[in-house]
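Structural features, examined
Listed here are the chains, written in short residue letters.
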Amino acid sequence: MRLIEKVWFFQHPAKWLLVPLLLPLTVIFWLLSALRRKCYQLYFFKSFGIDIPVVVVGNIGIGGNGKTPVVLYLIKQCLAQNMKVGVISRGYGGQAPHYPYLLNASSSAAETGDEPLLIYQRHDIPVVVGGDRVASARLLMQQGCDVIIADDGLQHYRLERDFELIVIDGKRVFGNGLLLPAGPLREGLWRLKTVDALIFNGATPTDNKIYPVGIPQITMTLMAKMVVNVKTKQQLSLTDFYQQFNDNESHTKRINAIAGIGDPSRFFKTLVDSGFSLEASVGFKDHQHYNEAQFVSFSDDIPLLMTEKDAVKCTSFAKNNWWYLPVDAHIENKQITPFLDALFDKVKADKLSRIKARFTLS
């Protein structure tokens with residue numbers, strides 16, 4: 001973990017030096033971001049709407065808060081309603097041949113970034129990456145989508161949206177509560193008052209004073225039921241995997257593990273809580289690019305587990321004992337149903353309006 005992240009989230013003693021040094025830059029960041037928002041409010045900068053509902057899944061801070069599992073959850077719910085859903089993403093860490101770029105069966109993580117490719121491979125739905133989210137959304141409209149989910153982009157005000165969800169890491173929350181670079185926040189806590197729901201990843205809020213009254217609070221837990229071989233795509237239930245790789249002498253399930261996500265320790269804790277014994281664990285930076293040389297220290301005799309996000313970048317050089325752990329968001333129906341009902345009603349109403357408009361024009 002970088003020193004600055006320890007300062008932001010874990011009260012590292014270096015805060016007494018770094019925070020005062022960075023506060024002048026934070027003031028500049030606040031002025032520029034406030035000016036930018038005001039320009040959109042006063043229509044000096046133009047926002048663009050599209051003819052289908054847009055749901056933004058984002059956060060007010062940097063780092064991995066669990067947005068992608070929420071996106072995957074929403075996709076699954078939309079597909080269950082026979083809605084054609086598409087996803088737009090910036091495609092961080094990728095370099096596509098052109099933008100906006102529509103993913104296909106031959107797309108690689110080097111082109112698209114890890115999270116968009118993960119989403120595409122999970123559900124085989126239209127996914128578009130590019131910095132111009134308006135252009136990306138329009139390309140999804142051309143694919144016949146009924147609803148668009150934006151993976152991140154809460155601060156991308158150029159694209160109008162119908163619903164906003166903020167995902168909050170239940171462990172790290174908002175760190176020291178300061179804006180970049182003295183803190184981890186891209187927008188202040190005031191932004192919590194303007195969204196449709198707050199989704200807490202892994203823990204319920206303990207300090208309700210900072211959360212606005214009237215904004216739904218939803219608790220999400222990440223659940224794992226199986227492992228998948230990175231090379232062969234073989235799937236095993238956790239129980240079968242335990243039995244296959246159990247160390248009969250010590251009655252432990254020894255594994256190695258790597259994670260290149262916002263908070264690698266969260267993944268390692270998940271493995272330990274699942275009954276594994278970590279022989280070695282290495283945390284990489286979020287969106288880490290991998291090569292074979294980074295894995296030479298791991299024994300071929302012990303399984304290596306990684307996140308699904310890591311696996312999409314390791315397929316070309318994976319070994320037979322490399323596995324990944326897909327996780328799914330679990331949310332209680334009573335917490336999420338009001339939001340889903342509002343979303344589905346909006347999608348159906350807009351779809352009906354487009355159908356009526358076509359008949360009117362014809």
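To be clear, the structure that these remarks concern was listed above.
Residues numbered from 1 in each chain as written. Predicted model: local features only at pLDDT ≥ 70, side-chain atom pairs only at ≥ 80, totals over all residues. Heavy atoms only, no water.

1. Some points on the overall build of the protein chain
To keep it simple, the criterion reads: The secondary structure listing takes helices from DSSP runs of H or I that are at least 4 residues long and strands from runs of E that are at least 2 residues long, numbered from the N terminus. We take the radius of gyration over the C-alpha atoms and set the globule estimate at 2.2 Å times the residue count to the 0.38 power. Exposure is judged per residue with a 1.4 Å probe applied to protein chains only, and the accessible area is read against the type maximum: over 50% gives exposed, under 20% gives buried, and values in between give partly exposed. Residue contacts are counted whenever heavy atoms from the two residues lie within 4.5 Å of one another.
In terms of helices and strands, the protein chain carries 10 helices and 15 strands. The C-alpha atoms of the protein chain give a radius of gyration of 21 Å, which matches the 21 Å a tight globule of 362 residues would have. Reported as C-alpha extents along the three principal axes, the dimensions of the protein chain are approximately 70 × 55 × 45 Å. Counting the 362 residues in the protein chain, one finds 48% classified as buried. Pairs at least 24 apart in sequence give 68% of the contacts found in the protein chain among residues at least 6 apart.

2. Some points on the pattern of salt bridges
Two side chains of opposite charge can pair, provided their charged atoms sit close to one another. The cut-off we apply is this: For this analysis, a salt bridge means a side-chain nitrogen from Lys or Arg found within 4 Å of a carboxyl oxygen belonging to Asp or Glu.
Considering all chains together, one arrives at 22 salt bridges under this definition. The closest approach of N and O atoms between Arg 122 and Asp 328, which form a salt bridge, is 2.8 Å. Highlighted residues: Arg 122 in helix α5 (residues 114-123) and Asp 328 in strand β15 (residues 328-331), separated in sequence by 206 residues. Residue class for Arg 122 comes out partly exposed when judged on its relative accessible area of 24%. The class for Asp 328 is partly exposed, based on a relative accessible area of 40%. In this structure, the salt-bridge partner of Lys 269 is Asp 273, at a minimum N-O distance of 2.7 Å. Note that Lys 269 and Asp 273 are positioned in helix α8 (residues 264-273) at a spacing of 4 residues, about one turn of the helix. There is no split in this pair, since Lys 269 and Asp 273 are both exposed. Because the salt bridges share partners, they merge into one network encompassing Arg 37, Arg 161, Glu 164, Glu 187 and Arg 191.

3. Re the packing of helix α1 (residues 3-10) against helix α2 (residues 15-41)
Cut-off, in case you're wondering: The convention used is that axes are lines fitted to C-alpha atoms, helices contributing only their stretch in contact, and that angles between N-to-C directions extend from 0 to 180 degrees. Relative orientations are named as follows: roughly parallel for angles under 35 degrees, roughly antiparallel for angles over 145 degrees, roughly perpendicular for angles from 65 to 115 degrees, and oblique for any other angle. Charged means Asp, Glu, Lys or Arg here, nonpolar means Ala, Val, Leu, Ile, Met, Phe, Trp, Tyr, Cys or Pro, and polar covers whatever is left, Gly included.
Viewed as axis vectors pointing N to C, α1 and α2 meet at an angle of 95°, and their least axial separation amounts to 10 Å. Taken together, α1 and α2 sit at an angle that is classed as roughly perpendicular. Two secondary-structure elements touch here, α1 through Leu 3, Ile 4 and Val 7 and α2 through Lys 15, Leu 18, Val 19 and Leu 22. Looking at the contact of α1 with α2, its residues break down into 6 nonpolar, no polar and 1 charged.

4. Describing the side chain of Glu 187
Structurally, Glu 187 can be placed in the loop between β6 (163-169) and β7 (197-201). Exposure remark for Glu 187: the relative accessible area of 2% places this residue in the buried category. Setting aside its immediate chain neighbours within four residues, Glu 187 contacts Arg 37, Ile 60, Leu 154, Gln 155, Tyr 157 and Leu 179.

5. Let's talk about the pairing of strand β12 (residues 276-283)
Which entries qualify depends on this criterion: We treat two strands as partners when DSSP finds at least two bridges between them. Here a crossover is taken to be right-handed if, once the strands point away from the viewer, the path from the first strand over the helix to the second is traced clockwise.
Both strand β11 (residues 253-259) and β12 contribute to a ladder of 7 bridges, which runs parallel. Across the sheet, the residue bridging to Ala 257 is Ser 281, located in β12. Read from β11 through α8 to β12, the crossover connection turns out right-handed.

6. Remarks on helix α3 (residues 67-80)
Stated precisely, the cut-off is as follows: Expected helix span is given by 1.5 Å per residue-to-residue step, counting one fewer step than there are residues.
Helix length check: α3 (14 residues) gives 20 Å between terminal C-alpha atoms against 20 Å at 1.5 Å per residue, within 8%. For α3, a buried count of 10 out of 14 residues is recorded, marking the element as mostly surrounded by other parts of the structure. Listing the buried residues of α3 in full gives Lys 67, Thr 68, Pro 69, Val 70, Val 71, Leu 72, Tyr 73, Leu 74, Ile 75 and Cys 78. Phi turns positive, to about 60°, at Asn 82, one or two residues after α3.

7. As for the layout of surface pockets
Heads up, the rule is: Using a 1 Å grid laid over the protein atoms alone, points where a 1.4 Å probe fits but cannot get out form a cavity; open sets with protein on both sides within 12 Å along at least 5 of 7 lines form a pocket; any residue with an atom within 4 Å of a point counts as lining. Grid points are joined across faces, edges and corners, and a volume is the space filled by probe spheres set on the points.
By volume, the largest pocket is sized at about 1,100 Å³. Ile 62, Gly 63, Tyr 92, Asp 286 and His 287 are the residues nearest the centre of the largest pocket, which is lined by 42 residues in total. Elements represented by at least two residues in the lining of the largest pocket include exactly α1, α5 and α8. Partitioned by chemical class, the residues of the lining of the largest pocket number 12 nonpolar, 15 polar and 15 charged. Space inside the second largest pocket adds up to approximately 870 Å³.

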